[in-house]
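Commentary on secondary and tertiary structure
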Amino acid sequence: KYNKCSFSYYIDKILKLNIFEDKFSTKIGTLFHYVLSNAFSKDFDFEKTFEIGVTNSLKEINQKEKFLLIKLKEELKYIIGVIKEQLMSINYTNSLFEHEVKIKINDNCHIEFKGIIDKMFLKEEEDTIYVALIDYKTGDINANINNICYGLNLQLPVYIYLAKKAFSKDVCVTGFYYQTILQNEFKTKNDLDYYNKKQSYIKLQGYTLDINNCDLKFDKTENDSAIIKGLRRNNDGTFSKNSKV
């Protein structure tokens with residue numbers, strides 16, 4: 001926060017003037033996360049889960065927000081459908097949602113580092129667990145990791161740290177990505193362009209590790225990925241210039 005804006009840091013952390021507001025957008029993010037954490041279980045009921053999420057997250061909303069909620073509900077239903085289609089292209093069959101990890105930093109002082117990973121796809125091979133990590137985002141995504149040294153864009157690297165500590169076996173992270181679960185509305189020339197752009201928004205954005213063993217690859221379609229934005233192989237087997245590998 002200090003590297004982004006030292007004055008903002010001063011106002012927030014020193015003068016304590018930055019009051020957190022529980023905005024409608026924040027509540028919607030909580031609602032979407034809750035529904036998505038349950039969306040891929042066998043007995044999932046969208047209507048029932050959505051209503052529970054609304055009850056827990058949106059206790060007091062005005063008429064305008066109630067109107068927006070109708071559209072957002074349909075949007076969430078659509079996103080779940082797209083993600084279910086994406087599962088067809090994923091090589092890892094096991095998954096965990098909203099997985100909480102606690103790590104003891106110092107036993108004497110009872111210091112814990114705790115985090116919740118939105119989504120993990122897992123493949124277990126002998127003594128190693130191969131993991132692909134996903135963080136849901138409402139709004140714009142900045143997947144650039146070049147500013148980690150300044151403490152910026154640390155969400156996915158922190159997920160890697162947590163995942164490495166989450167299991168008794170060795171953990172190999174094969175990819176780490178953001179996934180947009182709500183974007184601003186947009187206009188296109190025709191319905192086909194709109195559909196393609198919407199599908200592109202929901203693709204995973206992040207970094208893939210190049211693993212030679214085909215059985216351990218997260219994405220079945222990496223030659224021209226159906227689920228990871230920009231991931232593509234050239235005819236000679238190398239990855240294209242825009243692929244984050």
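Predicted model, so just to flag it, every value in this text is computed and none were measured.

**Observations regarding a nonpolar patch on the surface**
Residues Tyr2, Phe7, Tyr9, Tyr10, Ile14, Leu15 and Leu17 make up a contiguous nonpolar surface patch of roughly 740 Å² in combined accessible area. Counting through the fold element by element, leucine 17 comes out in the loop between helix H1 (6–14) and helix H2 (24–38). With a relative accessible area of 54%, leucine 17 lands in the exposed category.

**A short note on the layout of surface pockets**
In this structure, the largest pocket encloses a volume near 550 Å³. Lining the largest pocket are 22 residues, and of these Gly139, Leu182, Gln183, Asn184 and Glu185 sit closest to its centre. Of the residues in the lining of the largest pocket, the class split is eight nonpolar, eight polar and six charged.

**Details of the nonpolar core**
Core analysis: the biggest nonpolar cluster contains 24 residues, and Ile28, Leu31 and Phe32 have the highest contact counts within it. Where this core is concerned, the elements lending two or more residues are H2, helix H3 (46–57), helix H4 (63–86) and strand S4 (170–182). The leading source of residues in this core is H4, at seven residues. Ignoring any residue separated from it by four or fewer positions in sequence, one finds phenylalanine 32 in contact with Leu72, Leu76, Ile79, Ile181 and Leu182. The next biggest cluster of nonpolar side chains, apart from the first, holds 18 residues, and it includes Val131, Val171, Val173 and Phe176.

**Digging into empty space enclosed by the protein**
If you walk through the whole model with that rule in mind, you get two cavities of 30 Å³ or more. By volume, the largest cavity is sized at about 70 Å³. When the residues that make up the lining of the largest cavity are grouped by side-chain class, the tally is seven nonpolar, two polar and four charged. Within this model, the second largest cavity holds a volume of roughly 30 Å³. Lining the second largest cavity, in full, are Ile83, Gln86, Leu87, Ile90, Lys119, Phe121, Ile134, Gln179 and Leu204. Broken down by secondary-structure element, the contributors of at least two residues to the lining of the second largest cavity are H4 and strand S2 (111–125). Its residues assigned to classes, the lining of the second largest cavity shows six nonpolar, two polar and one charged.

**Topic: a negative patch on the surface**
Where like charges cluster on the molecular surface, the negative patch consists of Glu125, Glu126, Asp127, Asp170 and Asp215. Looking at the secondary structure, you find aspartate 127 in the loop between S2 and strand S3 (128–138). Assessed through its relative accessible area of 59%, aspartate 127 is described here as exposed.

**So, the packing of aromatic side chains**
On inspection of all chains with the given rule, the structure shows 10 aromatic pairs. Measuring from ring centre to ring centre gives 6.4 Å for phenylalanine 44 and phenylalanine 46, while their planes differ by 80 degrees; the resulting arrangement is edge-to-face. Both residues of the pair, phenylalanine 44 and phenylalanine 46, count as buried. Seen in terms of ring centroids, phenylalanine 121 and phenylalanine 218 are 5.7 Å apart; in terms of plane orientation they differ by 45 degrees. Their pairing is tilted. Pair noted here: phenylalanine 121 is in strand S2 and phenylalanine 218 is in the segment after strand S5 (204–208), with a separation of 97 residues, a long-range link. Of the residues examined, phenylalanine 121 reaches a relative accessible area of 4% and is grouped as buried. Here a set of aromatic residues connected by ring pairs shows up, and it is made of Tyr92, Phe121, Tyr177 and Phe218.

**Some thoughts on the sheet that holds S4**
As summarised here, the arrangement of the five strands in space is S1-S2-S3-S4-S5, forming an open sheet in which the pairing is mixed. Edge positions in the sheet fall to strand S1 (94–106) and S5, since each of these pairs with one other strand and no more. Neighbour to neighbour, the strand axes of the sheet diverge by 35 degrees on average, direction disregarded. As paired elements, S4 and S5 share five bridges and run antiparallel to each other. Paired with phenylalanine 176 across the two strands is tyrosine 207, which belongs to S5. Along the sheet, H2 contacts S1, S2, S3 and S4; its crossing angle with S4, the most-contacted strand, is approximately 130 degrees. Along the sheet, helix H5 (residues 155–165) makes contact with S1, S2, S3 and S4, crossing S2 at roughly 75 degrees.

**Observations regarding the pattern of salt bridges**
This model, assessed by the stated rule, comprises 12 salt bridges. Glutamate 47 is the salt-bridge partner of lysine 73, the closest N and O atoms lying 2.7 Å from each other. Of this pair, lysine 73 sits in helix H4 while glutamate 47 sits in helix H3, and the two are 26 residues apart along the sequence. For glutamate 47, a relative accessible area of 37% corresponds to the partly exposed category. Aspartate 224 serves as the salt-bridge partner of arginine 232, at 3.1 Å between the closest nitrogen and oxygen. The class of arginine 232 is partly exposed, set by a relative accessible area of 38%. Sharing partners across several salt bridges, the network here consists of Glu47, Lys73, Glu74 and Lys77.

Criteria and cut-off values
Residues numbered from 1 in each chain as written. Predicted model: local features only at pLDDT ≥ 70, side-chain atom pairs only at ≥ 80, totals over all residues. Heavy atoms only, no water. Patch = residues over 30% accessible without salt bridge, like charges linked within 9 Å, V, L, I, M, F, W, Y side chains within 5 Å. Areas by Shrake-Rupley, 256 points an atom, 1.4 Å probe, with all protein chains shown as cover. Salt bridge = Lys/Arg side-chain N within 4 Å of Asp/Glu carboxyl O. Helix = DSSP H or I, 4+ residues; strand = E, 2+ residues; numbered from the N terminus. Buried < 20%, exposed > 50% of the residue type's maximum accessible area, 1.4 Å probe, protein only. 1 Å grid on protein atoms, 1.4 Å probe; cavity = no way out; pocket = protein on both sides within 12 Å on 5 of 7 lines; lining within 4 Å. Points joined across faces, edges and corners; volume = space filled by probe spheres on them. Nonpolar A, V, L, I, M, F, W, Y, C, P; charged D, E, K, R; others polar. Core = buried A, V, L, I, M, F, W, Y, C linked by side-chain atoms within 4.5 Å. Contact = heavy atoms within 4.5 Å. Lys, Arg positive; Asp, Glu negative; His and termini not counted. Charge placed at Lys NZ, Arg CZ, Asp CG, Glu CD. Phe/Tyr/Trp six-rings, centres within 6.5 Å; stacked < 30°, edge-to-face > 60°. Pairing = 2+ DSSP bridges. Axes fitted to C-alpha atoms, helices over the stretch in contact; angles between N-to-C directions.

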